[in-house]
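# Coordinate analysis (summary)
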Amino acid sequence: MIDKNTSLEELAVLVSNALEDANVAATLSGGAAVTIFSDNAYISADLDFVSSESSKLLESAVQSIGFTRVNSSRMFEHPDTDWYIEFPPGPLGFGETYVDAAKLPFLETKFGPLRVITPTLCVVDRLAACWYHGDRQTWDQAIEVAKRQQIDWDYVYAWAKNERRSKDDIDKLRVEAKSK
């Protein structure tokens, strides 16, 4: 089922489905969401599924598709793919804003449904990483997503205001996304 030719998006769906089958709530976020929403303009090395579930339950769910835990971490690897899975602990949050993952729609992909943040939340996630971790590449990732996806800019502005950030940053992001 999983081999060297499995794409990141297909792998994300397989993992998401294994988690759903085990009644585990976990939402794809981070760089893998950027990969999917940027049409592979950025390629993530891992798949971050944010979850508040126990490590034991997460392990049981992904073992069903061949993943094994790395040491005692919340990281799992598979012998037939270079991508690994990480499970950052929930709740799903972006700066000081938390989102009820259960209210997010599934993304319908050609491989099946995927529990993943929305493109708008993907931009917000990348901005949070840029602002709070000083990671410049996440700014560029936000641009790649904004170039290719419909973004709810009113939400992004309101989120930035809640984070006590200037709307000028959002204006700049929008200009850069249009010019590239």
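Please refer to the structure higher up on the page.
An account of the accompanying structure is given in this report. On a predicted model such as this, the values are computed, not experimentally measured, just so you know. (Residues numbered from 1 in each chain as written. Predicted model: local features only at pLDDT ≥ 70, side-chain atom pairs only at ≥ 80, totals over all residues. Heavy atoms only, no water.)

### Overview of the environment of T81
This is how it is decided: The helix count covers DSSP runs of H or I at least four residues long, the strand count covers runs of E at least two residues long, and both are numbered beginning at the N terminus. A 1.4 Å probe rolled over the protein chains alone gives each residue an accessible area, and that area as a share of the maximum for its type sets the label: buried under 20%, exposed over 50%, partly exposed in between. What makes two residues a contact is simply this: any of their non-hydrogen atoms within 4.5 Å. Polar contact is the term for a pair of N or O atoms within 3.5 Å; when the atoms are in protein, one must be able to donate a hydrogen and the other to accept it, and sequence-neighboring residues count only if both atoms are side-chain atoms.
With respect to the helices and strands, the residue T81 is situated in the loop between strand 4 (75-77) and strand 5 (84-86). Overall, the relative accessible area of 8% leaves T81 in the buried class. In this structure the C-alpha to C-alpha distance between T81 and N162, which are 81 residues apart in sequence, comes to 39 Å. When residues no more than four places from it in sequence are discounted, the contact partners of T81 are I2, K4, L11 and F67. Of note is the side chain of T81, whose polar atom sits 3.4 Å from the backbone nitrogen of W83.

### Some thoughts on the state of the cysteines
Put simply, the rule reads: Pairs of cysteine sulfur atoms within 2.5 Å are what we label disulfides.
As enumerated under the stated definition, the model contains 0 disulfides in all. We note that C130 lacks a disulfide partner, and the nearest cysteine sulfur, in C122, lies 14 Å from it.

### Overview of the sheet that holds strand 5
To keep it simple, the criterion reads: Any two strands between which DSSP finds at least two bridges are classified as paired. In this description, a line fitted to the C-alpha atoms serves as the axis of each element, helices being fitted only across the stretch in contact, and the angle between N-to-C directions of two axes falls anywhere from 0 to 180 degrees.
Judged by pairing direction, the sheet is mixed, and its 5 strands sit side by side in the order 1-2-5-4-3 without closing on themselves. Two strands lie at the open edges of the sheet, namely strand 1 (27-29) and strand 3 (68-69), each paired on one side alone. Relative to strand 5, strand 2 (residues 46-50) runs parallel, the two sharing 3 bridges. Opposite D48, over in strand 5, you have E86 as the bridge partner. Packing against the sheet, helix 2 (residues 30-37) makes contact with strand 1 and strand 2, and its axis sits at approximately 80° to strand 1.

### Thoughts on the side chain of S44
Structurally, S44 is set in the loop between helix 2 and strand 2. Judged by its relative accessible area of 4%, S44 falls in the buried class. In this structure the side chain of S44 is engaged in a polar contact, spanning 2.7 Å, whose partner is the backbone oxygen of D46. S44 has contacts with L8, G31, A32, T35 and W83, leaving out every residue within four places of it along the chain.

### Concerning the packing of helix 5 (residues 136-148) against helix 7 (residues 167-179)
Note the threshold: When describing relative orientation, an angle under 35 degrees is termed roughly parallel and one over 145 degrees roughly antiparallel, while 65 to 115 degrees is termed roughly perpendicular and anything else oblique. By convention the crossing between two helices is left-handed if the near helix lies anticlockwise of the far one by an angle smaller than a right angle, and right-handed if it lies clockwise. Side-chain classes follow a simple rule in which Ala, Val, Leu, Ile, Met, Phe, Trp, Tyr, Cys and Pro form the nonpolar group, Asp, Glu, Lys and Arg form the charged group, and the remainder, Gly included, forms the polar group.
Closest axis-to-axis distance for the helix 5/helix 7 pair is 9 Å, and the angle between their directions is 60°. Judged by the inter-axis angle, helix 5 sits oblique to helix 7. The interaxial crossing formed by helix 5 with helix 7 has right-handed handedness. On helix 7, the residues that touch R136, W139, A142, I143, A146 and K147 of helix 5 are D169, K172, L173, E176 and A177. Counted by class, the contact of helix 5 with helix 7 contains 6 nonpolar, no polar and 5 charged residues.

### Things to note about unusual backbone geometry
With an omega dihedral of 10°, the bond running from G90 to P91 counts as a cis peptide bond. Among the structural elements, P91 can be located in the loop between strand 5 and strand 6 (93-94). Phi is positive for N40, close to 70°, though the residue is something other than glycine. Within the secondary structure layout, N40 lies in the loop between helix 2 and strand 2.

### Comments concerning the pattern of salt bridges
Test applied: The rule for a salt bridge is simple: a side-chain nitrogen of Lys or Arg has to be within 4 Å of a carboxyl oxygen of Asp or Glu.
Summed over the entire model, instances satisfying the criterion amount to 11 salt bridges. For the salt bridge of D82 with K4, the shortest nitrogen-to-oxygen distance reads 3.3 Å. Taken together, the positions of D82 in the loop between strand 4 and strand 5 and K4 in the segment before helix 1 (8-21) put the pair 78 residues apart, joining distant regions of the chain. The same class applies to D82 as to K4, namely exposed. Between R136 and D140 there is a salt bridge, with the nearest N and O atoms lying 3.5 Å from each other. In this pair, R136 and D140 are both assigned in helix 5, 4 residues apart and thus about one turn of the helix distant. Overall, the relative accessible area of 46% leaves R136 in the partly exposed class.

As far as function goes, none of this settles anything; it's purely spatial.
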